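Inside the fold
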Amino acid sequence: MKDAIGREINYLRISITDRCNFRCLYCMPEKGMESKSHMDILRFEEILEFVKAVAPLGISKVRVTGGEPLVRKGVVDFIRELRAIDGIRDISMTTNGSLLSFMARDLKQAGLDRVNISLDSLKSERFHKITRWGKLSDVLCGIESALETGLIPVKINCVMVKGFNDDEIEDFVNLTMNHSIYIRFIELMPLGEKGWGQGRYISADEIKALIKEKLIPTGAPAGAGPAVYYRAPGAVGAVGFITPISRHFCDACNRVRLTADGKLKPCLESDLEIDIKTALREKKGDEHLRRLFKEALLKKPVCHHMKPEENAGHFRKMWQIGG
């Protein structure tokens, strides 16, 4: 399937919960947001019904997100059933990693291919400050478990924040030397707490300039997405840069997002949503679901309009849309 400007859409990101066991500064307030009721959230059976309906249109890649997806009971069985759907060839998950050590082996056996782990600091106190509730040791154990069980390459998503964690760039690069770890430095987006990100944006070019090693352009790993990758001399893994602000990659965007409460979002930054939950609960059938999916593709914006000087005046519900 192609959208209105000819981009091939083969990637569905699915948020399975709006709940998270962290309260990251750039994502939500310390007290969190009011959680949706059980009835407001799509059941796993409903999500699977939707994926089965749209897979024949060319959806072959699925990423499971949250909130924090591992806090939802039944996620392993959900992955197993996703893997059984005809046409789905690639299943990944974005997680904060705090619960991964307990579940990595079961997830791999169920059919999960790899994980992206959000990690913005390798210093315990700083990590706790930015996540408010998290323990760095839990995430490091999760990374180790992912490597041991073959959920590779392990991609670590690191949001760079000027004056906060930009002194750790070399430490993150060093993680790629001996393991199949792909560090992805992500530019700070104006999507979080009001006032928090003001003046903290640092571009990918600035990040790259702070890396002492001579980085060599390299091929992308499985499910590379928008990152541009480089390898330090002798490294097993790689370093990637994701540039939603300084260099938009919207012209190559191949994804749509399904929120935990059943809205199809053609673009992360846009407020445009297509209601899928109602069609599922009214038993409209596969053809109707496919029509809604095609409608979302036709409404997919040409590009987003985020800029570094903007600062979030509200929350974009990152935990719900799988940010």
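No experiment lies behind these values; they were computed from the predicted model shown.

Structural notes on the overall build of the protein
- In terms of helices and strands, the protein carries 10 helices and 12 strands.
- By the burial criterion, 56% of the 323 residues in the protein qualify as buried.
- Taking as baseline every contact in the protein between residues at least 6 positions apart, the subset at least 24 positions apart corresponds to 75%.

Considering the sheet that holds strand 12 (residues 274-275)
- Reading across the sheet, the 12 strands line up as 7-8-9-6-5-4-3-2-1-10-11-12 and stay open at both edges, with mixed pairing between neighbours. Every other strand in the sheet has two partners, leaving strand 7 (216-217) and strand 12 as the edge strands with one partner each.
- In the sheet, strand 3 (residues 90-95) pairs with strand 4 (residues 114-118) via four bridges, with the strands oriented parallel. Directly across from Thr-95, in strand 4, lies its bridge partner Ile-117.
- Along the sheet, helix 2 (residues 75-83) makes contact with strand 2 (61-65) and strand 3, crossing strand 3 at roughly 155°.

Things to note about the environment of Glu-81
- Here Glu-81 is to be found in helix 2.
- The exposure class assigned to Glu-81 is partly exposed, which follows from its relative accessible area of 44%.
- Here the alpha-carbon distance between Glu-81 and Phe-44, two residues 37 residues apart in the chain, equals 9.5 Å.

Description of the confidence of the model for the protein
- On average, residues of the protein carry a pLDDT of 88, and 88% of them reach 70 or more.
- Across residues 310-323 the pLDDT falls below 50, and counting only partners more than four positions away or on other chains, this stretch makes 63 contacts in the model.

Notes on the nonpolar core
- Judged by nonpolar contacts, the single largest core of 77 residues is most densely connected at Phe-50, Leu-82, Phe-185 and Leu-264.
- It is helix 1 (residues 44-54) that contributes the most residues to this core, seven residues altogether.
- Every residue in contact with Leu-82, bar those within four places of it in the chain, is listed here: Leu-48, Val-51, Val-62, Val-64, Ile-88 and Ile-91.
- Ranked by size, the runner-up nonpolar core spans 12 residues in total, among them Phe-164, Tyr-182, Ala-227 and Tyr-229.

Focus: the state of the cysteines
- Using the criterion set out here, one finds zero disulfides in the structure.
- Sulfur of Cys-253: no disulfide; nearest cysteine sulfur belongs to Cys-250 and is 6.7 Å away.

Section: the packing of aromatic side chains
- Evaluated as defined, the whole model comprises seven aromatic pairs.
- Consider the rings of Phe-172 and Phe-185, whose centres lie 6.3 Å apart with planes at 85°: the pair is edge-to-face. In this pair, Phe-172 is assigned in helix 6 (residues 169-174) and Phe-185 in strand 6 (residues 181-187), connecting sequence segments 13 residues apart. Note on accessibility: Phe-172 and Phe-185 belong to one class, buried.

Here we look at the pairing of strand 2
- Burial of strand 2 is extensive: five of the five residues sit out of reach of the surface.
- Note that strand 2 and strand 3 share four bridges and pair parallel. The residue bridging Arg-63 from the neighbouring strand is Ser-92, located in strand 3.
- Considered for its hand, the β-α-β crossover made up of strand 2, helix 2 and strand 3 is right-handed.

A word on the pattern of salt bridges
- As enumerated under the stated definition, the model contains 15 salt bridges in all.
- Residue Arg-281 is joined to Glu-46 by a salt bridge in which the shortest nitrogen-to-oxygen separation is 2.8 Å. On the criterion of sequence distance, the pair formed by Arg-281 in helix 8 (residues 277-281) and Glu-46 in helix 1 is long-range, its members being 235 residues apart.
- Judged by its relative accessible area of 3%, Glu-46 falls in the buried class.
- In this structure, Lys-284 engages Glu-282 in a salt bridge whose closest nitrogen and oxygen atoms are separated by 3.6 Å.
- Judged by its relative accessible area of 45%, Lys-284 is partly exposed.
- Linked through salt bridges whose partners overlap, the residues forming this network are Lys-123, Arg-126, Asp-167 and Glu-168.

Comments concerning the environment of Arg-247
- When you line up the elements, Arg-247 lands in the loop between strand 9 (238-242) and strand 10 (255-258).
- Each C-alpha atom, one on Arg-247 and one on Ser-203, is 9.3 Å from the other, the two residues being 44 residues apart in sequence.
- Those residues in contact with Arg-247, other than ones at most four positions away along the chain, are Ala-204 and Asp-205.

Section: the packing of helix 3 (residues 100-110) against helix 5 (residues 136-149)
- For the pair helix 3 and helix 5, the least separation of the axes is 8 Å and the interaxial angle reads 20°. Taken together, helix 3 and helix 5 sit at an angle that is classed as roughly parallel. Our pair here, helix 3 against helix 5, has a crossing hand that is right-handed. Residues Leu-100, Ser-101, Ala-104, Arg-105 and Lys-108 of helix 3 form the contact with helix 5, whose participating residues are Cys-141, Gly-142, Ser-145, Ala-146 and Thr-149.
- Each residue belonging to the contact of helix 3 with helix 5 can be placed in one class, and the counts come to four nonpolar, four polar and two charged.

What counts as what
- Residues numbered from 1 in each chain as written.
- Predicted model: local features only at pLDDT ≥ 70, side-chain atom pairs only at ≥ 80, totals over all residues.
- Heavy atoms only, no water.
- Helix = DSSP H or I, 4+ residues; strand = E, 2+ residues; numbered from the N terminus.
- Buried < 20%, exposed > 50% of the residue type's maximum accessible area, 1.4 Å probe, protein only.
- Contact = heavy atoms within 4.5 Å.
- Pairing = 2+ DSSP bridges.
- Axes fitted to C-alpha atoms, helices over the stretch in contact; angles between N-to-C directions.
- pLDDT = per-residue confidence, 0-100.
- Core = buried A, V, L, I, M, F, W, Y, C linked by side-chain atoms within 4.5 Å.
- Disulfide = S-S within 2.5 Å.
- Phe/Tyr/Trp six-rings, centres within 6.5 Å; stacked < 30°, edge-to-face > 60°.
- Right-handed = clockwise from strand over helix to strand, strands pointing away.
- Salt bridge = Lys/Arg side-chain N within 4 Å of Asp/Glu carboxyl O.
- Parallel < 35°, antiparallel > 145°, perpendicular 65-115°, else oblique.
- Left-handed = near helix turned anticlockwise from the far one by under 90°.
- Nonpolar A, V, L, I, M, F, W, Y, C, P; charged D, E, K, R; others polar.

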